[in-house]
Every structure is written in structure tokens, then in C-alpha cells.
Amino acid sequence: MGDVLAGIHATWEFESDALVIRFDRGNRAPRLFGVLRERRVPHEALSSVTLSPGKRGTVVLHAVPRPGADPLMEAAAGQLPENCDPYRLVLPADRETLAEYYRDELRGVLGPGTEGAAYLDDPADGDDVTPADRFLVAPPQGPQSFKAYDGKASFDGQSEVSFRWSWTGASSEKWKAGDQFFHVRDLCGVEWRSPDVLDGHLRLVPRGGEPRAPQPDRDPASVVFGLGYGPVHLSLPFAAAVLAAIRTSDRVPARTAAAPGAVAERIRHLGELHQAGLVTDEEFSAKKAELLAEL
């Protein structure tokens, strides 16, 4: 198609095989949109498109993604408020006729296994849509990081997630366990609970089903959010990027030799904890030996 439809905080471009969504980065736009910037959504990643009345003299075009097609929406698990939904395009009500045209155009090109041909105006009617067997929308690219209440979470964009505990927020269980480093091949999922709720957190799910602390603040495989920490616009893309890396890995747990520079940095950080009295001599020696064994 190639046409462009500009709305409030976003613009949709209709390509022959995909919907390209470009987000505004203005002060009034949701901060999540500014981080996402642009997303290319293949038609096969959509289940339907709806048009409904919005608030205060607007109408809303909503492209409904197929279950399992978008790592961002899979990580969000229905927790995003409407104004932060990247698949909603809000338009002035006087553009309703134009919105109807593009709704019908997009419905006409949705692929098999979707409900596009049914001309549904209720997303709930799309429950019979075939889930995608792989992610069809690209995850956020590049290294990701954000500051949580009890530590800093980092992802190198490919294979390793790390949690470095803060001096003041981390529980004694996490300090005893030390900073954590996870290879995506050793993980089977990501649990993200929005920072907008009281018990918000990001928890990595290791393979093997080992027993874990029920409270995220005591689980070394999680970071907990608090007021002003782990904001949605940073923690959700992080969760989506890690989830996509897990799903696209060979899914076979395997340890590879760590880079000498990475091990040296981890030993240096361990030494700082030792000098500060937060790690005993025995714990320092044992952890250092573990790190050297990774070379």
C-alpha cells in the first residue's frame, strides 16, 4: 500500500507486507513510545484490526497482534494501560471515514490463520486465532539496562544478563549470593510485573525448575522495582529483548568459556565487596575460584 496515516503520538505506514508504526517522542507521548521509536509488524503477526470510538472526540484504530507474535506484548502480559498500547492509533473523530478505509484495507491483507476476513470489531471475538509459533516482530535491539530498587539489570543484547546489587536496596539473601550472571541458554522465560503496581519486579526463570524463594526481593534471579525505579519504558523493552533471546537460542543449556576481560571485571567487583566487608574471606576465595574456572 505505502500510504501513511498520522495519528496522535504515532504514524502508521502501510507497506505491501507489513504495518510500520513510528512513534512520536514529544513530551506528551508515553515514554515507552519514545524508546520503541519504530516497529515493523508483518501482516502475519496480526490477528485483526478494529475501529472504535475513543475519548474526547477521537476514534481508535487497533491492530490486534496474534498471541506469541510480539515479544514486547508477550512480556507485558496484558499489563499495559490503553494509552501505552503500541498497537492503538488515536485519530480525531472527523477522520473516522478515512480510518474505516484503512481498517478495511489492512483487514484485506491479513494472512491465513487470522480473523481479518471476518471484519471483527471486538478483539475478544478473535480467540480462535492461531498463535504464532515464533516471534514475528523484532525485539528492541542492542544492549539494555535499567536501575531497579535493589540493583542494576543489564543485558548485552545477545547472550548474558547480569544483576549487580545496590549497597542499600538488596536483601541479605542477594548479597550472600553475590552479583548474578545468567546465560540465556540457561533460562526458559522472563516474568515481568509492572513497576506501576506495588510488587513490581523482573524475574528470570531458570531451566530445570530448581526451588526458588517465593518473594522476588529474596530471589537472586530477580530485581524488584520501587517508586522511581524500573520504569516501564526501560524495564519492559529489557524484558522483551531477553525473552526474544531465550526463544531464539538453541535452547540447549551449555556453558562456554567466558572472556578473560569479563571474568577480570567480575573479580574486581568481588574484590570491592570483600574490601567493604560485605563478603567474607572464605566467600571471596570460593567465588574467585568459581570465576577463574570459567576461563
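Note that the structure is a prediction, hence the values are computed from the model and not measured.

Attention shifts here to the overall build of the chain. The number of helices and strands found in the chain is 7 helices and 14 strands. When the 295 residues of the chain are sorted by exposure, 47% land in the buried category. Of the contacts formed within the chain by residues at least 6 apart in sequence, a portion of 58% connects residues at least 24 apart. Looking at the chain as shown, the accessible area adds up to about 15000 Å², and 50% of this sits on carbon and sulfur atoms.

Attention now goes to the layout of surface pockets. Estimates place the volume of the second largest pocket at around 470 Å³. The wall of the second largest pocket is formed by 17 residues, among which Lys 55, Thr 58, Asn 83, Arg 88 and Val 90 lie closest to the centre. Of all the elements in the fold, those that place two or more residues in the lining of the second largest pocket are strand 5 (46-53), strand 6 (58-65) and strand 7 (88-92). Looking at the lining of the second largest pocket residue by residue, the class counts come to 6 nonpolar, 5 polar and 6 charged.

Spatially, the 4 strands line up as an open sheet ordered 8-9-10-11, and their pairing is antiparallel. In the strand order of this sheet, the two ends are held by strand 8 (144-147) and strand 11 (180-183), each with one partner. Between one strand and the next, the sheet's axes are offset by a mean angle of 10°, whatever the strand orientation. Pairing of strand 9 (residues 151-155) with strand 10 (residues 160-165) involves 5 bridges; the strand directions are antiparallel. Bridge pairing in strand 10 places Ser 154 opposite Ser 162.

Looking now at the nonpolar core. By size, the foremost hydrophobic cluster in this structure holds 66 residues, and its most contacted members are Trp 12, Leu 61, Phe 163, Leu 202, Leu 204, Val 223 and Leu 236. The element best represented in this core is helix 5 (residues 232-248), accounting for 11 residues. Setting aside chain neighbours within four positions, we find Leu 236 in contact with Leu 32, Leu 72, Ala 75, Ala 76, Leu 80 and Trp 192. Within the second largest apolar cluster, 5 residues are counted, among which are Val 263, Leu 270, Phe 284 and Leu 291.

Taking strand neighbours across the sheet as the criterion, the 3 strands line up as 5-6-7 in an open arrangement whose pairing is antiparallel. Both outer strands of the open sheet, strand 5 and strand 7, are each paired with one neighbouring strand and no more. Taken over all neighbouring pairs, the strand axes of this sheet differ in orientation by 15° on average, direction set aside. Pairing of strand 6 with strand 7, which is carried by 5 bridges, proceeds in the antiparallel orientation. Paired with Val 59 across the two strands is Leu 91, which belongs to strand 7. Its contacts with the sheet place helix 3 (residues 96-107) against strand 5, strand 6 and strand 7, and it is angled at close to 165° to strand 5.

With that out of the way, let us pick up helix 5. For the α-helix, the turn length of 3.6 residues means that residues three or four positions removed from each other point alike. Given a rise of 1.5 Å per residue, 17 residues ought to cover 24 Å, and the 24 Å separating the end C-alpha atoms of helix 5 matches this to within 8%. Here helix 5 lies mainly inside the structure; 14 of its 17 residues are buried.

Here the structure, examined in full by the defined rule, presents 11 aromatic pairs. Relative to Tyr 102, the ring of Phe 14 lies with its centre 4.7 Å away and its plane at 10°, an arrangement referred to as stacked. Placement of the pair is Phe 14 in strand 2 (residues 10-14) and Tyr 102 in helix 3, with a sequence separation of 88 residues. With respect to burial, Phe 14 and Tyr 102 carry one shared label: buried. For the ring pair Phe 155 and Phe 238, a centre distance of 6.5 Å and an interplane angle of 70° mean the geometry is edge-to-face. Here Phe 238 lies in helix 5 and Phe 155 lies in strand 9, a separation of 83 residues in the sequence. The pair Phe 155 / Phe 238 is uniform in exposure class, with both members buried. A connected cluster of aromatic rings, assembled from ring pairs, spans Trp 12, Phe 14, Tyr 101 and Tyr 102.

The rules behind each value
- Residues numbered from 1 in each chain as written.
- Predicted model: local features only at pLDDT ≥ 70, side-chain atom pairs only at ≥ 80, totals over all residues.
- Heavy atoms only, no water.
- Helix = DSSP H or I, 4+ residues; strand = E, 2+ residues; numbered from the N terminus.
- Buried < 20%, exposed > 50% of the residue type's maximum accessible area, 1.4 Å probe, protein only.
- Contact = heavy atoms within 4.5 Å.
- Areas by Shrake-Rupley, 256 points an atom, 1.4 Å probe, with all protein chains shown as cover.
- 1 Å grid on protein atoms, 1.4 Å probe; cavity = no way out; pocket = protein on both sides within 12 Å on 5 of 7 lines; lining within 4 Å.
- Points joined across faces, edges and corners; volume = space filled by probe spheres on them.
- Nonpolar A, V, L, I, M, F, W, Y, C, P; charged D, E, K, R; others polar.
- Pairing = 2+ DSSP bridges.
- Axes fitted to C-alpha atoms, helices over the stretch in contact; angles between N-to-C directions.
- Core = buried A, V, L, I, M, F, W, Y, C linked by side-chain atoms within 4.5 Å.
- Expected span 1.5 Å × (residues − 1).
- Phe/Tyr/Trp six-rings, centres within 6.5 Å; stacked < 30°, edge-to-face > 60°.

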